[in-house]
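The residues making up each chain are set out below.
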Amino acid sequence: MNHRDTIFLEEAPVLDHRAWPGDQFVLRLEAPKCARAARPGQFVHLTVDPLLPLRRPISIQRVSPQEGWVELLYKVVGKGTALLAEKQPGDRVSLLGPVGRPFEVNHRRPLLIGGGVGMPPMVFLAEQLSAQGRADDLEPLVILGSEVPFPFEPQDSLLPVAGVPRDLVATHPLLESWGVPCRLASTRPMPGVFRGYVTDLARAWLEALEPEERKEVALFACGPHPMLEAVVALAREYDLPVQVSLEEFMACGVGGCAGCVVEVQTETGPAMQRVCVDGPVFDGYRVFA
Ligand SMILES: Cc1cc2nc3c(=O)[nH]c(=O)nc-3n(C[C@H](O)[C@H](O)[C@H](O)COP(=O)(O)OP(=O)(O)OC[C@H]3O[C@@H](n4cnc5c(N)ncnc54)[C@H](O)[C@@H]3O)c2cc1C
Ligand code: FES
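Let us look at the structure shown here.

Rules and cut-offs
Residues numbered from 1 in each chain as written. Chains lettered and ligands numbered in written order. Predicted model: local features only at pLDDT ≥ 70, side-chain atom pairs only at ≥ 80, totals over all residues. Core = buried A, V, L, I, M, F, W, Y, C linked by C-beta atoms within 7 Å. Buried ≥ 20, exposed ≤ 12 C-beta atoms within 10 Å, placed from the backbone. Contact = placed C-beta atoms within 7 Å. Helix = DSSP H or I, 4+ residues; strand = E, 2+ residues; numbered from the N terminus. Pairing = 2+ DSSP bridges. Right-handed = clockwise from strand over helix to strand, strands pointing away. Near = placed C-beta within 6 Å. Nonpolar A, V, L, I, M, F, W, Y, C, P; charged D, E, K, R; others polar. Arc of directions from axis to C-beta.

## Some points on the nonpolar core
Part 1: In terms of nonpolar packing, the biggest core is built from 83 residues, with Val-44, Val-70, Val-142 and Val-231 touching the most fellow members.
Part 2: Setting aside residues up to four positions removed in sequence, Val-142 forms contacts with Leu-112, Met-122, Ala-126, Leu-175, Val-180 and Cys-182.

Rendered as structure tokens:
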């Protein structure tokens, strides 16, 4: 796949910018070309300020091809994201995107697991699955984890999830409106939220499935490295396919500099691959061999 044919450069006006607790921000940018081409798992590469020529990669959380916007969720961790947080509606950001290899869903029961600022690709994938779900008879479940308040107002879900206690009903309101079952996890106490790791909650659901149903599950994950490692270990235990989205320091972001390589296992042995264009989505077993 030649990614360069589908990567656009747009001067994107800020349409909306909302702050959430824990230094988290949801940013909506007008970028119609990117919005039309983007797939879940892909990211945009942003110039946040003229003082910082190096772009910053941020995953795409939602798109509207009709209205021509892309939405991002990010956390302020350093200079670039702090400068981005200052942008006001009407300000412009140089956007390169969409970049990267997206998730590929070929199983009837996709289990989507997002941790922290790894939640955005899962929200994007959930929205896409809700659109194609009825036609393809899909039964997805989304599990989102956070150690700071969630960057949305959780609501009680009316959609049942096997294996999850009835009082743990907190969900993402957008996913609920799309009819996609979702549950939340945190090691900190939060009302209606599972107390523990996302993988503990995933295990409870897997155990509640019939063996035939479990064979239809595939895992998709984005989040901190230890979480991804735990998700791949869980997939290995149940012998299920797993795709993970990786984060790595990036320079060019379009495959030209080899600044973002990671070691993955291939049929012919270990190989260095670029997270920006060979990923960020990889087969989990190839990354955590
Ligand atoms: C494909 C991809 C998708 C991403 N999606 C999101 C997202 O949706 N939301 C979000 O908040 N962040 C996301 N990130 C991480 C984001 O790019 C970094 O947090 C950002 O570049 C930091 O820039 P900065 O100038 O604020 O911080 P810097 O001053 O550059 O660094 C501050 C701290 O962040 C760490 N850091 C910097 N860059 C990265 C990186 N690429 N990966 C891991 N740690 C890093 C540094 O080690 C340091 O501790 C993504 C990264 C990649 C590669
Ligand atoms: S950042 Fe340049 S090749 Fe990936």
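## As for the pairing of strand S15 (residues 242–245)
Part 1: The two faces of S15 match: Val-242 and Val-244 on one face and Gln-243 and Ser-245 on the other face are all buried.
Part 2: Across four bridges, strand S14 (residues 217–222) lies against S15 in parallel orientation. Note on S15: the bridge partner recorded for Ala-221 is Val-244.
Part 3: Since S14 and S15 lie parallel, the crossover through helix H7 (residues 225–238) that links them has a hand, and here it is right-handed.

## Digging into the site of ligand 1
Part 1: Around ligand 1, the surrounding shell holds 20 residues, and the nearest of these are Ser-59, Tyr-74, Gly-78, Gly-80 and Thr-81.
Part 2: Those elements giving two or more residues to the shell around ligand 1 turn out to be strand S4 (56–59), strand S6 (69–75) and helix H2 (79–85).
Part 3: For the shell around ligand 1, the per-class residue count stands at 11 nonpolar, four polar and five charged.

## Quick notes on helix H5 (residues 198–208)
Part 1: Among the residues of H5, those classed as buried are Val-198, Thr-199, Leu-201, Ala-202, Trp-205 and Leu-206. Each buried residue of H5 sits inside an arc of 155° when the element is viewed along its axis, so together they form one side.

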